[in-house]
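Understanding the architecture of this molecule
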Amino acid sequence: MKRLVTAAQMRTMESVAADAGLSPAILMETAGRMLAEAAVRHASSTGRFTVLCGPGSNGGDGLVAARVLAGLGRTVQVEVLDPAAYKGEPARNLAALVAAGIQPSLLPDVLPVQGGDVVIDAVFGTGLSRAPEGMYADAVRRINAARTAGARVVSADLPSGLDADTGRAFEPCVRADVTVAFGFAKAGQGLEPGATVCGALEVADIGLPRQAVHAAEGHVTWLLEEEDARGRLPVRGAEIHKGDAGHLLVVAGSRGRSGAAAMVARAALRSGVGLVTVATRGDALDAVLTHAVEAMGVPLAGEGALQQLDLNALLEAADDKDAVVIGPGLLRGEETVKLLGDLLEELTCPVLLDADALNAVAGAPELLARARGPLLLTPHPGEMARLAGMSVESVQAARIGVARTFSMQRQVTLVLKGARTVVSAEDGTAYVNPTGNPGMATAGMGDALAGIIGALLAQGVNPLGAATTGVYAHGLAADLVVEQRTGRLGLVASDVIDALPEVWRRWKR
């Protein structure tokens, strides 16, 4: 896993590092040299370098990079935005640059670039909290125009115009080919659109001492990597049988919405669970089992939304199960909330709530406290907004914070779906998932994810491990389909389910 830090956490680390003897001058020198090395890697052997520097520490990093590049005999031109505002280390490095024979100058409105050239964006860093204006906005636009003209853009720490904490790209914002993050990647670089505007993300070790890293207060956020997900998968012994591989109960589907239940069941079976039983209304069960032929079924008497009369049948169905998934394709009725509360009060195995179960809970989130067993919730942004009592826009503007707050307050494992899905544990530790693609914006993807996570829960993986492994595998399967077969348009949930064995093969399971 790669740690993601907030701007405030990074400031704390740098302050403690200074107290420990690692001065801001040394940090800036190291960061600038790392930036220069990255720029050289992405330039042609004859490529020229254009460096645009803002007045803060980010600009100071750019000045160091320009001096290092000139020392390597490369052609460098530098523009310093508002030099009168330079103070401290940036001012010292500006003087050092001039002493080295490089005189910053105003560059033309259209930067002269050609293939193999690199433009270094050192205008803004982690301190930006609003859209660039005036000369700074103009600089961002010139950088983007140079990229369009064929130059490679390398950003120092963050693309200028990106919010370090939320991943919001202000207008305008640099679109980098490469971003060199100093010390740690920032939280906004793990989220969208931040991840996209960063281009390839390189994290440069600038020598922060251990005590500085440990001093950063607040909850920890991680960017998941493939090894993290692979390492949490259950390992099968030679003598395992289906009873040892877990039994998942899926309470899902209704007349006209049987596909949701079928996809949960199919995804679960493709994710290694030994047995799957689907409990749904009798008028939907045949359709479910037609599409999930390896699953078993429990017909629930009556019709329409689940009612209090279904409680005993559901408890009997769940009696010997290792995990339960509730919600996809259900109808909502007057008694749904009470039934869910009573179910959660009786079930001791892990329970995953998705889709219409979440919509029912949204009106009475206090019933989550009645759960006897571990709870895992998998809302999309609209469902999260209803659960948290806020707008979708507010959810998307602070995905990590919203997920973290809800999981801690309600003591659940929460999976906030969407581009760069966020998983938050009960203690507030958050994980950002990098897999997946825009082709997944289609019906049934959430059902497939519920099945994957449910299968892992039933096989004994703890809720956090099931959630992080499940979201990574789900997105990776979609990425493999897009890469190998369909492209993004036309990707459907069944494609992802059918690609899961390729993920497990890749992970040697």
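To start, this report covers the structure provided alongside it. (Residues numbered from 1 in each chain as written. Predicted model: local features only at pLDDT ≥ 70, side-chain atom pairs only at ≥ 80, totals over all residues. Heavy atoms only, no water.)

1. Comments concerning the pairing of strand S3 (residues 76–80)
- For S3, the buried fraction is high: four of the five residues fall into the buried class.
- Relative to S3, strand S2 (residues 49–53) runs parallel, the two sharing five bridges. Bridging from a neighbouring strand, Val 51 pairs with Val 78 of S3.
- Crossover connection from S2 via helix H3 (residues 57–71) to parallel S3: handedness right-handed. (Buried < 20%, exposed > 50% of the residue type's maximum accessible area, 1.4 Å probe, protein only. Helix = DSSP H or I, 4+ residues; strand = E, 2+ residues; numbered from the N terminus. Pairing = 2+ DSSP bridges. Right-handed = clockwise from strand over helix to strand, strands pointing away.)

2. Regarding the sheet that holds strand S7 (residues 185–186)
- In spatial order, the strands read S7-S1-S9-S18-S17-S16-S15-S14-S13-S10-S11-S12; together these twelve strands make up an open sheet with mixed pairing. The open sheet has two free edges, formed respectively by S7 and strand S12 (296–300), since each of these has just one partner strand.
- Two strands pair when backbone bridges link them, and strand S10 (residues 247–251) and strand S11 (residues 275–281) are joined in this way by five bridges, in the parallel orientation. Counterpart to His 247 in the pairing with S11 is Leu 275.
- Sheet strands touched by helix H10 (residues 258–269): S10, S11 and strand S13 (323–326). Its angle to S11, the strand with the most contacts, is close to 175°.
- Along the sheet, helix H19 (residues 463–486) makes contact with strand S15 (375–377), strand S16 (413–416), strand S17 (422–424) and strand S18 (430–432), crossing S16 at roughly 15°. (Contact = heavy atoms within 4.5 Å. Axes fitted to C-alpha atoms, helices over the stretch in contact; angles between N-to-C directions.)

3. Points about the pairing of strand S1 (residues 2–5)
- Taken together, the three bridges between S1 and strand S9 (residues 221–223) define a ladder with antiparallel strand orientation. In the strand pairing of S9, Lys 2 is matched with Leu 223.
- The sheet contact formed by S1 and S7 spans two bridges and is parallel. From the neighbouring strand, Leu 4 faces S7, where its bridge partner is Ala 185.

4. Digging into the sheet that holds strand S4 (residues 118–122)
- Ordered by their spatial adjacency, six strands build an open sheet running S3-S2-S4-S5-S6-S8, and the pairing between neighbours is parallel. Of all the strands in the sheet, just S3 and strand S8 (200–204) have a single pairing partner and so form its edges. When the angles between neighbouring strand axes are averaged without regard to direction, this sheet yields 20°.
- Strand direction decides the pairing type here: S2 and S4, joined by five bridges, are parallel. Each bridged residue has a counterpart across the sheet, and for Leu 52 the counterpart in S4 is Asp 121.

5. With respect to helix H12 (residues 311–318)
- Of all the residues in H12, the buried ones are Leu 311, Leu 314, Ala 317 and Ala 318. Along the axis of H12, the buried residues cluster in a sector spanning 130°; they form a single face. Opposite its buried face, H12 presents the exposed residues Asn 312 and Glu 316, each directed more than 90 degrees away.
- Contact partners of the buried residues in H12: S10, S11, S12, S13 and helix H13 (336–346). (Arc of directions from axis to C-beta.)

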